[in-house]
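# Architecture at a glance
So you can see what is in the structure, the chains are spelled out below.
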Amino acid sequence: MQSSALVFDTIGAWVAFVFTLMVFSALAGDNALARLSQHILVGASLGYAAVLATRHVILPRLVDPLISGEAGILDGWLPLGLAASLILAGADRIMLRPAKPNAPPIWRRLLHGAGRLVTALLLGIGLGAGIMGALQGTLIPQYLRAAQIGFVPSAPGYLPLVGLLTLVLTTATLLHLYLDPSRHLDRQPGAVRGLMASWLWLGQRAMWLAAGVIFARLAASRLSLLIARVTFLTDMIHDTAFWTWLQSL
Amino acid sequence: MSVVRCPHCGTANRAGSNFCNSCGTELRAAEERAADERAVEPRRQEEETAAEPGPPPAATPETPQPKEPSPGLPAAPQQPHGLADQPWLRMEFGGVDSAPPFDEEDDSARAATARLAPGIQGLLAPVRVTVRRVDDDEPPARPRSPDIPAEQMRLVRQRMGSPPILGQAEQLWSLPASPNLRLPWLFLALGLAILLPALLALPLPRGAPAQWPGVEDAFDVIQGLPAQANVLVYWAYDPAAAGELDEAALPVVEHLLQRRARMSVVSLLPGGPATARRLIERARLEWQRSENLTAAAESAWVIPVQYLPGGAAMLAHVAQNPERVFDAEQQERPDLAVVFGAQAEDVQHWLEQAAPLNRTPVIAVTSAAADPILRPYWNSGQLSGLVSGFDGAYNYQSLLADRLPRLERSAALDRQVVLQDWGLAIFFLAIVLGNLAAMFSRPPEP
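Residues numbered from 1 in each chain as written. Chains lettered and ligands numbered in written order. Predicted model: local features only at pLDDT ≥ 70, side-chain atom pairs only at ≥ 80, totals over all residues. Heavy atoms only, no water.

This paragraph deals with the overall build of chain B. Counting its regular elements, chain B contains 14 helices and eight strands. In chain B, which comprises 446 residues, the share counted as buried stands at 39%. For chain B, restricting intrachain contacts to residue pairs at least 6 apart in sequence, the fraction spanning at least 24 positions comes to 69%. When the accessible surface of chain B is summed, it comes to about 25200 Å², and 57% of that surface belongs to carbon and sulfur atoms. (Helix = DSSP H or I, 4+ residues; strand = E, 2+ residues; numbered from the N terminus. Buried < 20%, exposed > 50% of the residue type's maximum accessible area, 1.4 Å probe, protein only. Contact = heavy atoms within 4.5 Å. Areas by Shrake-Rupley, 256 points an atom, 1.4 Å probe, with all protein chains shown as cover.)

Laid out in structure tokens, this is it:
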């Protein structure tokens, strides 16, 4: 049993080795091997997701409770009805083209209406949860933190400076994004124009700096991914008899 | 087919067009208008007859017959009813509507079509949406614009696309020359800089990774957990990001195992549970090897790993009803939540959907790219610790090795640091050489 698992591990590693090379071959230009590997990746991923959803969600959380009678209306039959109406409405729209689009039969209109209702439910719940989450998890805590940063009595001396810098850079960036000097500043007095121009200049540099920081960390992240794949390849090569022979020379 | 050919350039236009789409010639001259009405009237009668029950009318000599497809094209399939009065949607339609005609010889037009309709993530052949010119005989010669150099055309487009500057014509900027990045050479240099040191197992150069704040806090929070602490883990990465995230997650999972924390793992990604099981097993083997534990002693300890579809909205359910998620009789309130996320949004989703509900301290283990976006959450105290990228993993591993001497320092992380330095050196070299080339290259001609 253990030896068969080892064999499968070895086969899997070599398949991964070949597919890694196939994907890397896209660097030399679009070719059949790279496209084949991408098709296999997408197909295998979708198939795996379908099996996983069936075995870990649909069967144990919906079908089995319904068969055993443990599921109630709200946590069993209602989800089943909503899912079925969405699937049937989608299948009808995809596979059965109506002969007369202006006057579909009543059952078809009801089916499409039920599908729209489920879609509206999904979208509404997702958007509602997203907006509430953004408010309670990001907007309000971050605003409170920014507002309090300079007014904490026990804070170290540099913190008010940080707060001031945050305020200046945030407003400068917003001004840079929303203010057009040629339109909004032309008729302003010279002093105001100079001050605003400096502020806009600062906002532009702040954006460049932020973009640079994000890009630098992004490059480091992608470099780590590349290193992981390359080390996988080199580890496979190191395990071969050919490499052992090369080292013995 | 109800099309009207332009008397000037020969382009087929939709019936009823006032002007030619190609050259602008007026098409509604008196005699043409009469002919057009003669052609349209039978079709209208046919549609009215088709709306009533009864046998379909026979084609009259005046009825415009569908044009035969050219030999190179397949016969037109039966079109849905809704396309009867929209002939320009059919493949055999020979006119141009508003898009330029598709030219088989023009690769750039084909590439633009592929970009417009790229299929599924660019993997499948695109659906052809542009109309195809069907010519009965030799296509009429189209008026050609004079040959304009590409650089001048780019300048014209740039200026036409910019808002007009009135009274300040002298401020028109000059376009910088487009950089020639020579990407294949950059890829080759980067690949060799990683491949050769990895193949030859070079130990140098080996700089010290940056020490970002948040790593030590994460370590202290886990170190301060009581024995048998209940830890809820949100696993938000799959094999696509495992190359980077595995190295960052491994020391944290090892530490949790060492603290005898009881982990419950939930993932919203199909590939998440398998990735979690694989890494936890790897960490368990490392830990058992370092502490000389037998596998039998720990075999009864099963870490539940659950997959939940439904997106970020499910996280609120995880926070409120963990016993239903993990099918447990009773699930105690977690002492800590750990998010292993490839993107900043994964951590943000947990902080927005779950953390306000269960008020549990949160530690984030993320990719390096997510660090700048998550840093404000650590500053505001919403995150109790932040470990990001290979440098965060390296520092966490160093803390583990310093304070828990029985755990060995990971050799894989040491190799990662060396290779990362090689890659960064290539980046640095490319930036320096690119700037020098830009400084000393000949300025573009006005």
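Let's pick the thread back up.
Secondary structure assignment for chain A yields eight helices and zero strands. Mapped in sequence order, the helices and strands of chain A form the string α-α-α-α-α-α-α-α. Within chain A, buried positions represent 22% of all 249 residues. Taking contacts inside chain A between residues at least 6 apart in sequence as the whole, the part at least 24 apart equals 48%. Of the roughly 17300 Å² that chain A leaves accessible, carbon and sulfur atoms contribute 74%.

For an α-helix, the turn length of 3.6 residues means that residues three or four places apart are oriented alike. If you check which residues of helix α12 (residues 371–379) of chain B are buried, you get D371, L374, R375, Y377 and W378 of chain B. Axial view of α12 of chain B: buried residues confined to an arc of 165°, hence all on one face. Next to the buried residues of α12 of chain B lie α4 (106–148) and α7 (190–238) of chain A together with α5 (215–223), α11 (344–358), β7 (362–366) and β8 (385–388) of chain B. At the exit of α12 of chain B stands G381 of chain B, carrying a positive phi of roughly 90°. (Arc of directions from axis to C-beta.)

A few words on the interface of chain B and chain A. Contacts between the two partners involve 52 residues from chain B, matched on the other side by 46 residues from chain A. Between chain B and chain A the total buried area reaches about 4000 Å² when both faces are included, carbon and sulfur atoms providing 63% of it. At the junction of chain B and chain A, the tally comes to two salt bridges. Here D391 of chain B ties to R217 of chain A by a salt bridge, and the two come within 2.8 Å at their closest N and O atoms. The tally of links between chain B and chain A comes to 20 residue pairs in polar contact (both at pLDDT 80 or more). With seven residues, helix α14 (residues 411–440) of chain B is the largest single contributor of residues to the side of chain B that touches chain A. Taken together, the residues of the side of chain B that touches chain A break down into 30 nonpolar, 14 polar and eight charged. (Buried area = accessible area lost by both parts, 1.4 Å probe. Salt bridge = Lys/Arg side-chain N within 4 Å of Asp/Glu carboxyl O. Polar contact = N/O pair within 3.5 Å; in protein donor to acceptor, adjacent residues only side chain to side chain. Nonpolar A, V, L, I, M, F, W, Y, C, P; charged D, E, K, R; others polar.)

Residue and element names in this part refer to chain B. For strand β3 (residues 230–236), the buried fraction is high: seven of the seven residues fall into the buried class. Summarising the sheet, β3 and strand β4 (residues 262–267) pair through five bridges and their orientation is parallel. By the bridge assignment, N230 is partnered in β4 with R262. Note that the unit made of β3, helix α6 (residues 242–258) and β4 has a crossover that is right-handed. Relative to strand β6 (residues 336–341), β3 is paired through six bridges, and the arrangement is parallel. Bridging from a neighbouring strand, W235 pairs with F340 of β6. (Pairing = 2+ DSSP bridges. Right-handed = clockwise from strand over helix to strand, strands pointing away.)

The next thing to look at is the nonpolar core. Residues and elements named next belong to chain B. Ranked by internal contacts, the top residues of the largest apolar core, which has 45 residues, are V231, Y237, L256, F340 and Y396. Of the residues forming this core, the biggest block, nine residues, is contributed by α6. In contact with Y396, not counting residues within four places along its chain, are V215, A218, F219, I222, P251, V252, H255 and V387. Ranked by size, the runner-up nonpolar core spans 27 residues in total, among them L268, L308, A337 and L383. (Core = buried A, V, L, I, M, F, W, Y, C linked by side-chain atoms within 4.5 Å.)

What follows concerns the packing of α5 of chain B against α6 of chain B. Residue and element names in this part refer to chain B. Where α5 contacts α6, the axes come no closer than 10 Å and their chain directions differ by 20°. The pairing of α5 with α6 is recorded here as roughly parallel in orientation. For the pair α5 and α6, the sense of crossing is right-handed. Between α5 and α6, the residues in contact are F219, I222 and Q223 and V252, H255 and L256, respectively. (Axes fitted to C-alpha atoms, helices over the stretch in contact; angles between N-to-C directions. Parallel < 35°, antiparallel > 145°, perpendicular 65-115°, else oblique. Left-handed = near helix turned anticlockwise from the far one by under 90°.)

What follows deals with α11 of chain B. Across its 15 residues, α11 of chain B extends 21 Å between first and last C-alpha, which sits within 8% of the 21 Å expected from 1.5 Å per residue. Bending of α11 of chain B peaks at approximately 35° at the position of L351 of chain B. Most of α11 of chain B sits inside the fold, with twelve of its 15 residues counted as buried. Looking at the buried side of α11 of chain B, the elements it contacts are α4 of chain A together with β3, α9 (314–320), β6, β7 and α12 of chain B. (Expected span 1.5 Å × (residues − 1). Bend = angle between axes of the 7 residues up to and from the residue.)

Okay, unusual backbone geometry next. Where the residue is not glycine, phi is negative for most of them; where a peptide bond is considered, it is trans in most cases. Residues and elements named next belong to chain B. Notably, R260 is not glycine yet its phi reads approximately 60°, a positive angle. Along the polypeptide, R260 turns up in the loop between α6 and β4. Since its relative accessible area comes to 34%, R260 is described here as partly exposed.

All right, on to the layout of surface pockets then. A probe matching the size of a water molecule, rolled over the atoms, marks out where space remains unfilled. Taken as a whole, the second largest pocket spans an internal volume of roughly 1700 Å³. Around the second largest pocket sit 38 residues that line it, and V57, R61 and P79 of chain A together with P309 and M314 of chain B are the ones nearest its centre. Elements with a minimum of two residues in the lining of the second largest pocket: α2 (32–68), α3 (73–95) and α4 of chain A together with α9 and α10 (322–325) of chain B. Among the residues making up the lining of the second largest pocket, the classes are represented as 22 nonpolar, ten polar and six charged. (1 Å grid on protein atoms, 1.4 Å probe; cavity = no way out; pocket = protein on both sides within 12 Å on 5 of 7 lines; lining within 4 Å. Points joined across faces, edges and corners; volume = space filled by probe spheres on them.)

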